[in-house]
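One letter stands for each residue in the lines below.
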Amino acid sequence: MNPSPFTPQWPVIRALVQKDWQLFEKQLAAYVGAGVLALALMGHAQSWSFYLGSLLLIIVMVAASCFAVSTALINERKEKTLAFVMSLPVTPLDFYLGKLLGNLVTFGVPFVLLTAGAVAITLWTPLPDGLLTLVLLLAGHLLLAFCLSLAVAMRVESEGWNIFVMITGSALINPLMAGLSQVPDIARHWSGPVVVWSWQVLLILGAQLLLSLALMLNTGWHHLRKPAFY
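The written sequence of each chain sets the order in which its residues are numbered from 1. Residue-level local features of this predicted model are given only where pLDDT is at least 70; pairs of side-chain atoms are given and counted only at 80 or more, and the full residue set underlies all totals for whole chains, interfaces and linings. Here the side-chain values reflect all heavy atoms present in the structure, with hydrogen atoms and water set aside.

**Thoughts on the overall build of the protein chain**
Logical step 1: Looking only at helices and strands, the protein chain features 9 helices and 0 strands.
Logical step 2: Listed N to C, the secondary structure of the protein chain is α-α-α-α-α-α-α-α-α in terms of helices and strands.
Logical step 3: Burial statistics for the protein chain: of 230 residues in total, 44% are counted as buried.
Logical step 4: Considering only residue pairs separated by 6 or more positions, the protein chain has 79% of its internal contacts joining residues 24 or more positions apart.
Logical step 5: Areas reported here follow the Shrake-Rupley algorithm with a probe of radius 1.4 Å; residue values treat only the protein chains shown as occluding. A total accessible area of about 12,100 Å² is found for the protein chain, and carbon and sulfur atoms account for 72% of it. Think of it this way: any DSSP run of H or I at least four residues long counts as a helix, any run of E at least two long counts as a strand, and we number them from the N terminus. Any residue under 20% of the maximum accessible area for its type is buried, any over 50% is exposed, and the rest in between are partly exposed; the area is computed with a 1.4 Å probe on protein chains only. When checking whether two residues touch, look at their non-hydrogen atoms; a contact exists if any pair is within 4.5 Å.

In structure tokens:
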């Protein structure tokens, strides 16, 4: 009996997710290791080490995001592995959910670990606690950029457009920081000993999370309606 195109086959989806994790677990461990080094530099709480550590941490998280999308989707498309997948009892919905969850796990594990580490470093070292809002706003931007890259990669086959979206998300980090520094109710608390949750911070964080969720839901709706892989 052929599987229904609208009923997820969770054992198949779990196998697809496990396959991606097992293929990339060593590389992900390397990203986490580099992130731990960056956190150690940040926790040293010297101006030079904080700058170097924060820059390294951003680079590592951006690289992990690009790695997850490019290896699990773009490279597989280039290597024509979809033809092999189509020969298996896998529906377009199964393939979508497998790739979605696989990418979320591949990126999500280092993202959550390193974000939690950055929060801990901010609160439990001599660094000003007020920096926590900046840490979370940058993490929210990285999450949104990843979700946008993933959504585009799952719907657009052009490698050029996919690379453009990934580069754009990374390039917007500096304008974001510059823009946040111009909001007095946000920037003036970064050097303070207390975390201040201004309405601007909550609004931006909420928008980042809602847009990330909306991108995943929109991509899911698109794939849910597809009766075939193409």
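**A look at the pattern of salt bridges**
Logical step 1: The rule for a salt bridge is simple: a side-chain nitrogen of Lys or Arg has to be within 4 Å of a carboxyl oxygen of Asp or Glu. Applying the stated criterion across every chain, the model contains 1 salt bridge.
Logical step 2: In this structure, Asp185 engages Arg188 in a salt bridge whose closest nitrogen and oxygen atoms are separated by 3.0 Å.
Logical step 3: Classification of Asp185 by relative accessible area gives partly exposed; the value is 27%.

**Observations concerning the environment of Arg188**
Logical step 1: If you trace the backbone, Arg188 turns up in the loop between α8 (184–187) and α9 (199–224).
Logical step 2: The spatial distance from the C-alpha of Arg188 to the C-alpha of Gly130 is 8.9 Å, given a sequence separation of 58 residues.

**Topic: helix α4 (residues 92–124)**
Logical step 1: For a helix, the expected span equals 1.5 Å multiplied by the number of residues minus one. For α4, which comprises 33 residues, the first-to-last C-alpha distance of 46 Å matches the rise-based estimate of 48 Å (1.5 Å per residue) to within 8%.
Logical step 2: Bend at a given residue is defined as the angle between two axes, one fitted to the seven residues that end at that position and one fitted to the seven that begin there. The principal kink in α4, of about 35°, is found at Gly108, preceding the proline Pro110 by one to four residues.

**Points about the side chain of Thr106**
Logical step 1: Following the sequence through the fold, Thr106 ends up in helix α4.
Logical step 2: Given the relative accessible area of 2%, Thr106 is considered buried.
Logical step 3: Polar contact is the term for a pair of N or O atoms within 3.5 Å; when the atoms are in protein, one must be able to donate a hydrogen and the other to accept it, and sequence-neighboring residues count only if both atoms are side-chain atoms. At a separation of 2.7 Å, a polar atom in the side chain of Thr106 contacts the main-chain carbonyl oxygen of Gly102.
Logical step 4: Setting aside its immediate chain neighbours within four residues, Thr106 contacts Phe24, Leu28 and Ala68.

**Looking at the nonpolar core**
Logical step 1: Judged by nonpolar contacts, the single largest core of 45 residues is most densely connected at Leu39, Leu57, Phe146, Leu150, Leu180 and Trp190.
Logical step 2: Elements supplying a minimum of two residues to this core: α1 (10–43), α2 (47–78), α4, α5 (132–155), α7 (173–181), α8 and α9.
Logical step 3: With sequence-adjacent residues up to four places away left out, Phe146 is seen in contact with Ser65, Ala68, Val69, Asn103, Leu104 and Phe107. Definition used in this section: a nonpolar core is a set of buried Ala, Val, Leu, Ile, Met, Phe, Trp, Tyr and Cys residues joined via side-chain atoms within 4.5 Å.

**Considerations on the packing of α1 against α4**
A pair of packed helices can be characterised by two numbers: the angle between their axes and the separation between those axes.
Logical step 1: Note on geometry: axes are lines fitted to C-alpha atoms, helical ones only across the stretch in contact, with angles between N-to-C directions running from 0 to 180 degrees. Packing of α1 against α4 leaves a shortest axis separation of 8 Å and a crossing angle of 20°. As summarised for this structure, α1 and α4 are arranged roughly parallel, according to the angle between their axes. Note that α1 runs across α4; the crossing there is right-handed.
Logical step 2: Partitioning the contact of α1 with α4 into residue classes produces 22 nonpolar, 6 polar and 4 charged. Should an angle fall under 35 degrees it is taken as roughly parallel, and over 145 as roughly antiparallel, whereas 65 to 115 is taken as roughly perpendicular and any remaining angle as oblique. In this scheme the crossing of two helices becomes right-handed for a clockwise turn of the near helix relative to the far one and left-handed for an anticlockwise turn of less than a right angle. Polar here means any residue outside two lists: the nonpolar Ala, Val, Leu, Ile, Met, Phe, Trp, Tyr, Cys and Pro, and the charged Asp, Glu, Lys and Arg; Gly therefore counts as polar.

**Quick word on the confidence of the model for the protein chain**
Logical step 1: pLDDT expresses how confident the predictor is about each individual residue, on a scale running from 0 to 100. Scored by pLDDT, the protein chain comes out at a mean of 84, with 85% of its residues at no less than 70.
Logical step 2: The secondary structure element of the protein chain with the lowest average pLDDT is helix α3 (residues 82–86), at 59, and the one with the highest is α7, at 93.

**Quick look at the packing of aromatic side chains**
Logical step 1: Stacked, tilted and edge-to-face pairs are distinguished by plane angle, under 30 degrees for stacked and over 60 for edge-to-face with tilted covering the rest, among Phe, Tyr and Trp rings (Trp via its six-membered ring) whose centres lie within 6.5 Å. Counted according to the given criterion, the structure contains 5 aromatic pairs.
Logical step 2: When the centroid spacing of 5.6 Å and the interplanar angle of 55° are considered together, the rings of Tyr31 and Phe67 count as tilted. Within this pair, whereas Tyr31 is found in helix α1, its partner Phe67 is found in helix α2, the two being separated by 36 residues in sequence.
Logical step 3: Relative to Phe146, the ring of Phe107 has its centre 4.2 Å away and its plane inclined at 20°; by these criteria the two rings are stacked. Of this pair, Phe107 sits in helix α4 while Phe146 sits in helix α5; the two residues are 39 residues apart in sequence, bridging distant segments of the chain. Across this residue pair, the class does not change: Phe107 and Phe146 are buried.
Logical step 4: An aromatic cluster is defined as three or more aromatic residues linked by ring pairs; in this entry it consists of Phe24, Tyr31 and Phe67.

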